[in-house]
Amino acid sequence: GLPALMADRVMLEQVLLNLMRNGMDAMQATPMERKQLVVSTAGADGGIMVGVADHGSGIAQDAVEHLFEPFYSTKPEGMGMGLNICRSIIELHAGRLWFESRPGAGSVFSFSLPATGT
């Protein structure tokens, strides 16, 4: 029941894979019984909204303003390009990417994309 999109499937797949991998990484210290990654979709403002929610530790306040900057990473082995690339892909599709940190309950990364009108 969601509206149709005009989008590059491979690019959107890359966004989803990156957000899901980040969510799984964020839950490494989470007890097994609490580990849960939820991907949801909904119609929103004539388009769609996709959310990727984890039950990790949330995002530290000092990282919030830098998350989408190139070469910034909270992971020791991270390159710091994933979220920046995700945002570029979503903006290329006339959409928006944002997040909500829920300290102690994880994070939700969401993006919205406009419908094609067909």
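Everything discussed here concerns the structure shown above.
Quantities reported herein were computed from a predicted structural model and do not represent experimental measurements.

Undergrad: Let's hear about the sheet that holds strand β1 (residues 38-44): which residues, and what values?
TA: The strand order across the open sheet formed by four strands is β1-β2-β4-β3, and the pairing between neighbours is antiparallel. Of all strands in the sheet, those with a lone pairing partner are β1 and β3 (96-102), marking the two edges. If you compare each strand with its neighbour and ignore which way they point, the axes differ by 20° on average. Across seven bridges, β3 lies against strand β4 (residues 106-114) in antiparallel orientation.

Undergrad: So, the packing of helix α1 (residues 9-26) against helix α3 (residues 82-92): which residues are in play, and what are the values?
TA: Following both chains from N to C, one finds α1 and α3 inclined at 145°, their axes separated by 10 Å at the closest point. Our pair here, α1 against α3, has a crossing hand that is left-handed. Of the residues in α3, those touching α1 at M11, L12, V15, N18, L19 and N22 are G82, L83, C86, I89, I90 and L92. Within the contact of α1 with α3, the residues separate by chemical class into nine nonpolar, three polar and no charged.

Undergrad: How would you summarise the packing of aromatic side chains if you had to cite specific residues and measurements?
TA: Considering all chains together, one arrives at one aromatic pair under this definition. For the cation-ring pair, R96 lies above W98, with the distance from its terminal atom to the ring centre recorded as 4.0 Å.

Reading the values: the criteria
Residues numbered from 1 in each chain as written. Predicted model: local features only at pLDDT ≥ 70, side-chain atom pairs only at ≥ 80, totals over all residues. Heavy atoms only, no water. Pairing = 2+ DSSP bridges. Helix = DSSP H or I, 4+ residues; strand = E, 2+ residues; numbered from the N terminus. Axes fitted to C-alpha atoms, helices over the stretch in contact; angles between N-to-C directions. Left-handed = near helix turned anticlockwise from the far one by under 90°. Contact = heavy atoms within 4.5 Å. Nonpolar A, V, L, I, M, F, W, Y, C, P; charged D, E, K, R; others polar. Phe/Tyr/Trp six-rings, centres within 6.5 Å; stacked < 30°, edge-to-face > 60°. Lys NZ or Arg CZ within 6 Å of the ring centre and 35° of its normal.

Such coordinate-based values are descriptive only and should not be taken to indicate function.
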